[in-house]
Amino acid sequence: MLKQIIFLISLLITLGVFTWTVSRLISYFRLTRKGFPVKSLGKRFMVMLRVAIGQTKIFRRPVIGLFHALVFWGFCVILFGSIEMVIDGLSGSEKALRFLGPVHNFIMASGDIFGLVVAVSILIFLSRRLFFHIARFEGIEMKKRSHIDAAVALSLIFLLMVSLLLMNIGYVGYRNATGEEIAGIYPVTGILAGLLKGTSATTFRIIYEASWWSHILLIFFFANYLPYSKHFHVFMSVPNVFLSRLEPLGKLKTMESITNEVKLMMDPSTAFAAAPEGTTPERFGVKDAEDVIWKNYFDSLSCTECGRCTSVCPANITGKKLSPRKIMMDLRARMREKGPLMVANGRAYTDNKSLLRDYITEEELWACTTCNACAKECPIKYQSTFCYCRHEALPCS
Ligand code: SF4
Ligand code: SF4
């Protein structure tokens, strides 16, 4: 009973902090512009299956892409085991989903294998970042904070996998030692527990309990760390792909108010007439974070900072200041800076700074060729925010 009470308190704290974070993000979304209606749900679902679940864009770099895809699929499988842990924690049961029989066996076996696969993949990712200095992970926008964040998030995932494997070893070892029935199949940790023959049932039980708590508390902590990390893409990338643009990448939409202005200017009967009262064109373009449409902000929160966009950007490759990854990170940072102040003081609030010029310079914007190579390469299918920026922003900034 004590275990259940402690678990319930931990779960409520986790959900409380997470809800607070999400409500803050929603209030920032409310500051952005509408537009980009979400239609063609069936088509979107298919894109999501192919790009997000099938990880097809990631395989453009086949070797490291395979490891990333394995981590993603591993997360999906391990999620089922985590749901069972929450049920166990609340109800005081052990392996509550065992009644699913073969399905439960399959989930446990996949989780056990993926636990090892993900741990190995994360070690490869960490060593690439720490020892190999991959060019894609460098750039003016990649400050020390970004590197620390990546290392912390990867280390947390590694610890999650280690605690999962230890938990399974403890479970299988304890059940073997006491002769009790084992719920599920454990191909990897079954072998490892066998190597520890001679260990007492009590020791296995301690390993199980300690790693069970470590694993679930790490999950709770990780869930609340993610929204403040580049690894927020763990939550955001799948919906972002679902919401991605279905039209051709280079297609730009005409701005109605400007079209009307031009038409009036071209018409001899109205070209020199004073504009009727109340017909001042509304603010258009992107000057600051609140001027982007909600989907652009969604993109920036989903950005993994992988640098695939920058690595194919012809402007960046030929030595220009522009880095599309920086544009995404700038939008996110600017909203983090101005969003809370606008929420507290109203939409009209100004801190006399702006996304354009204080974060993104004109030199960066005008270096863009609008080739869309960045958007084509991006694994989370962002729509090139700042092509819009350049087209729409400068006239009003
Ligand atoms: S659209 Fe602009 S930012 Fe994107 S790859 Fe082309 S030049 Fe670079
Ligand atoms: S915009 Fe896309 S490609 Fe560029 S860093 Fe972010 S996730 Fe990677």
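All values derive from a computational prediction rather than experimental measurement. (Residues numbered from 1 in each chain as written. Chains lettered and ligands numbered in written order. Predicted model: local features only at pLDDT ≥ 70, side-chain atom pairs only at ≥ 80, totals over all residues. Heavy atoms only, no water.)

A.B. asks: Tell me what's going on with the nonpolar core, and back it up with residues and numbers.
C.D. replies: Counting 69 residues, the largest nonpolar core has I122, W212 and Y297 as the members making the most contacts within it. If you list the elements that add at least two residues to this core, you get α1 (2-29), α3 (62-91), α4 (102-131), α5 (144-178), α7 (201-225), α11 (294-302), α14 (324-345) and α15 (355-359). In terms of residue count, the dominant contributor to this core is α5 (twelve residues). Contacts of I122, omitting those with residues within four sequence positions, involve V71, L154, I157 and F158. Listed in part, the seven residues of the second largest apolar core include M48, A52, F72 and V238. (Core = buried A, V, L, I, M, F, W, Y, C linked by side-chain atoms within 4.5 Å. Buried < 20%, exposed > 50% of the residue type's maximum accessible area, 1.4 Å probe, protein only. Helix = DSSP H or I, 4+ residues; strand = E, 2+ residues; numbered from the N terminus. Contact = heavy atoms within 4.5 Å.)

A.B. asks: Help me get a handle on the environment of L164, residues and values and all.
C.D. replies: Relative to the helices and strands, L164 resides in helix α5. C-alpha separation for the pair L164 and W212, spaced 48 residues apart in sequence, amounts to 7.5 Å. What L164 contacts, discounting residues up to four positions off in sequence, is I78, G111, G115 and H215.

A.B. asks: Go over the packing of aromatic side chains with me, naming the residues and quoting the values.
C.D. replies: Tallied over the entire structure, the rule returns 13 aromatic pairs. A centroid spacing of 5.9 Å and a plane angle of 45° characterise the contact between Y171 and Y208, whose relative ring orientation is tilted. Here Y171 is found in helix α5, whereas its partner Y208 is found in helix α7, with 37 residues between them in sequence. Residues Y171 and Y208 agree in their burial class; the two are buried. Considering the side-chain rings of W294 and F298, the 6.4 Å spacing of their centres and the 80° angle between planes classify their relative orientation as edge-to-face. Taken together, the residues span about one helical turn, with W294 and F298 both in helix α11 at a distance of four residues. An aromatic cluster of three or more residues is present, and its members are F7, W212, W213 and F220. Looking at K3, its charged tip hangs above the ring of W212, at a distance of 4.4 Å from the centre. The lysine or arginine in question, K95, covers the ring of Y171, its NZ or CZ lying 4.7 Å from the ring centre. (Phe/Tyr/Trp six-rings, centres within 6.5 Å; stacked < 30°, edge-to-face > 60°. Lys NZ or Arg CZ within 6 Å of the ring centre and 35° of its normal.)

A.B. asks: Can you break down the packing of α3 against α4 residue by residue, with the values?
C.D. replies: The interhelical angle for the contact between α3 and α4, taken along N-to-C directions, is 135°, at an axis separation of 7 Å. Put simply, α3 runs oblique to α4. The element α3 and its partner α4 pack so that their crossing is left-handed. Residues that form the contact of α3 with α4 fall into these classes: 16 nonpolar, eight polar and two charged. (Axes fitted to C-alpha atoms, helices over the stretch in contact; angles between N-to-C directions. Parallel < 35°, antiparallel > 145°, perpendicular 65-115°, else oblique. Left-handed = near helix turned anticlockwise from the far one by under 90°. Nonpolar A, V, L, I, M, F, W, Y, C, P; charged D, E, K, R; others polar.)

A.B. asks: Explain the site of ligand 2 to me, using residue names and the numbers behind them.
C.D. replies: In the neighbourhood of ligand 2, 13 residues make up the surrounding shell, with C303, C306, G307, C309 and C378 lying closest. The set of elements that each furnish at least two residues to the shell around ligand 2 consists of α12 (308-312) and α14. Across the shell around ligand 2, the residue classes tally to eight nonpolar, two polar and three charged. (Near = heavy atom within 4 Å.)

A.B. asks: Break down α1 for me, citing the residues and quoting the values.
C.D. replies: For α1, built from 28 residues, the straight-helix expectation of 40 Å at 1.5 Å per residue is met to within 8% by its first-to-last C-alpha distance of 41 Å. Burial in α1 covers these residues: F7, S10, L11, T14, T21, L25, S27, Y28 and F29. Contacts from the buried residues of α1 go to α3, α7, α11 and α14. (Expected span 1.5 Å × (residues − 1).)

A.B. asks: Which residues make up a nonpolar patch on the surface, and what values go with them?
C.D. replies: A contiguous nonpolar surface patch, about 510 Å² in accessible area, is contributed by M1, I5, I9, I13 and V17. Within the secondary structure, I13 sits in helix α1. Residue I13 is classed as exposed on the basis of its relative accessible area, which comes to 53%. (Patch = residues over 30% accessible without salt bridge, like charges linked within 9 Å, V, L, I, M, F, W, Y side chains within 5 Å. Areas by Shrake-Rupley, 256 points an atom, 1.4 Å probe, with all protein chains shown as cover. Salt bridge = Lys/Arg side-chain N within 4 Å of Asp/Glu carboxyl O.)

A.B. asks: Lay out the side chain of T310 with the relevant residues and their values.
C.D. replies: Relative to the helices and strands, T310 resides in helix α12. Within polar-contact distance, the side chain of T310 engages the side chain of S323 at 2.8 Å. Filtering out sequence-adjacent residues up to four positions away, T310 remains in contact with E141, N316, S323, P324 and R325. (Polar contact = N/O pair within 3.5 Å; in protein donor to acceptor, adjacent residues only side chain to side chain.)

A.B. asks: Can you explain the side chain of E84? Please cite residues and give values.
C.D. replies: Secondary-structure assignment places E84 in helix α3. No salt bridge is formed by the buried E84. Its closest oppositely charged neighbour is K95, at 4.4 Å. Once residues within four sequence positions are removed from consideration, E84 is found in contact with K95, A96, L97, R98, H104 and M108. (Lys, Arg positive; Asp, Glu negative; His and termini not counted.)

Structural measurements only, silent on function.
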